[in-house]
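An overview of the molecular structure
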Amino acid sequence: MTSPEETSPLPDDFGRTFVDATARTLGGSADALGDLDRRAGDGDFGANVRTAMKNLAAALETDEPAGYREWVTAMSRAWLGVGGTSGPLFGMFFRDLAKAGYQDTEGQQDTAPTPASFAEALAAGQAVIQKYGEAEVGDKTMVDALAPAVTALREAVAAGQDPVAALTAAEQAAVTAAQETAGTTARRGRASYVGEAAQGVIDPGAAAMALVLGAARAAAEGGGAVETDWIG
Ligand code: ADP
Ligand code: MG
């Protein structure tokens, strides 16, 4: 077994490609995600996604991030400026994910994370979402997609898999789990108000989280498409 330190690193420009792919994929799926929230919640998720991606584009216009931390911090701030439950939760999630990158004390160096540090930052992001949102796995939230992705990524890293294979495993775990939320009833968020009516509908936050994992895999490949057809 290879130790995490021995696995190959993510590409140097992983921060930019990850944030670009996330913005493109979430932005392109905003209508479909909004539709899910209309059927299973209160319908504002699509608008929240669009607002976050608009905030991001505006910030990037005035300030080009230097490295991984700055790119992912820009994504965090974009979400923190959005309402709903998902705004603050994704905002805090990306804030923790930004910490995966190495930055020296002078802020001169801002390098891409290793798959191992990315896995641990994802786990920290899961912890902060659960601390503030108080959702457990199975409550039909974004946590349902994130938790199995963290487990899959940690296992792949521990097994010495290369970054693309490891992040592909994380994406697949997240997509499968997001799809499985269709069979569950929400106990958190506005979707919990509609109860059984949300049966058969994928949780939009879980779907969005799976797309974020897909964007990370695409960025590890050096850019590429994220499959979104399964969202509807
Ligand atoms: P709201 O539920 O306030 O309308 P949004 O529509 O912005 O929030 O986001 C909905 C998504 O947020 C849900 O699909 C779910 O994944 C996620 N979510 C809602 N509440 C929580 C929570 N307490 N913990 C984790 N995720 C949550
Ligand atoms: Mg909503």
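Presented here is an overview of the structure given in this document. Values in this document were obtained by computation on a predicted structure and should not be read as measured data.

Each helix and strand in the chain was counted, giving 10 helices and two strands. Mapped in sequence order, the helices and strands of the chain form the string α-α-α-α-α-β-β-α-α-α-α-α. Over its C-alpha trace the chain gives a radius of gyration of 17 Å, about what one expects of a compact globule, namely 17 Å for 232 residues. Over its C-alpha atoms, taken along the principal directions, the chain stretches across nearly 50 × 45 × 30 Å. Each of the 232 residues in the chain was classed as buried or not, and the buried ones make up 52%. Put simply, 69% of the contacts in the chain that link residues at least 6 apart link residues at least 24 apart. Accessible surface, the chain as shown: approximately 9900 Å² in total, 48% of it carbon and sulfur. Here the chain holds 17 positive side-chain charges and 32 negative ones, and the gap between their average locations is 7 Å.

Around ligand 1 there are 21 residues in total, and D44, N48, T85, S86 and D203 lie nearest to it. In the environment of ligand 1, an oxygen atom lies 2.5 Å from a nitrogen or oxygen atom belonging to the side chain of T85. The backbone of G133 places a nitrogen or oxygen atom 2.8 Å from a nitrogen atom of ligand 1. Compared with its free state, where it exposes 550 Å², ligand 1 has 96% of that area covered by protein. Elements represented by at least two residues in the shell around ligand 1 include exactly α3 (45–62), α5 (86–98), α6 (115–133) and α10 (204–220). Per-element accounting of the shell around ligand 1 gives the leading share, three residues, to α10. For the shell around ligand 1, a count of residues per class yields seven nonpolar, eight polar and six charged.

Reference values for coordination geometry: four tetrahedral donors around a metal ideally subtend 109.5 degrees, six octahedral donors ideally subtend 90 or 180 degrees. Distances from the magnesium ion (ligand 2) to its protein donors, namely D37 (OD), D42 (OD) and D44 (OD), fall within the range 2.0 to 2.4 Å. In the primary sequence, the donor residues of the magnesium ion (ligand 2) line up as D-x4-D-x1-D.

To continue, consider helix α4 (residues 68–80). With 13 residues, α4 extends 18 Å from end C-alpha to end C-alpha; this agrees with the ideal 18 Å at 1.5 Å per step. All of the buried residues in α4 are Y68, W71, V72, A74, M75, S76, A78 and W79. The secondary structure elements touched by the buried residues of α4 are α1 (14–28), α3, α5, β2 (110–111) and α6.

Residue position: R217 is located in helix α10. In this structure the side chain of R217 is engaged in a polar contact, spanning 3.0 Å, whose partner is the side chain of E221.

We now examine the packing of α4 against α5. Look at α4 against α5: their axes get within 7 Å of each other, and the N-to-C directions meet at 170°. As far as their axial angle goes, α5 and α4 are roughly antiparallel. Residues Y68, R69, V72, T73, M75, S76, W79 and L80 of α4 lie in contact with α5, whose contacting residues are S86, G87, P88, F90, G91, M92, F94, R95, L97 and A98. The class makeup of the residues in the contact of α4 with α5 is 11 nonpolar, five polar and two charged.

What counts and what doesn't
Residues numbered from 1 in each chain as written. Chains lettered and ligands numbered in written order. Predicted model: local features only at pLDDT ≥ 70, side-chain atom pairs only at ≥ 80, totals over all residues. Heavy atoms only, no water. Helix = DSSP H or I, 4+ residues; strand = E, 2+ residues; numbered from the N terminus. Rg over C-alpha atoms; globule rule 2.2 N^0.38 Å. Buried < 20%, exposed > 50% of the residue type's maximum accessible area, 1.4 Å probe, protein only. Contact = heavy atoms within 4.5 Å. Areas by Shrake-Rupley, 256 points an atom, 1.4 Å probe, with all protein chains shown as cover. Lys, Arg positive; Asp, Glu negative; His and termini not counted. Charge placed at Lys NZ, Arg CZ, Asp CG, Glu CD. Near = heavy atom within 4 Å. Polar contact = N/O pair within 3.5 Å; in protein donor to acceptor, adjacent residues only side chain to side chain. Nonpolar A, V, L, I, M, F, W, Y, C, P; charged D, E, K, R; others polar. Donors = N, O, S within 2.8 Å, 3.2 Å for Na, K, Ca; no water. Expected span 1.5 Å × (residues − 1). Axes fitted to C-alpha atoms, helices over the stretch in contact; angles between N-to-C directions. Parallel < 35°, antiparallel > 145°, perpendicular 65-115°, else oblique.

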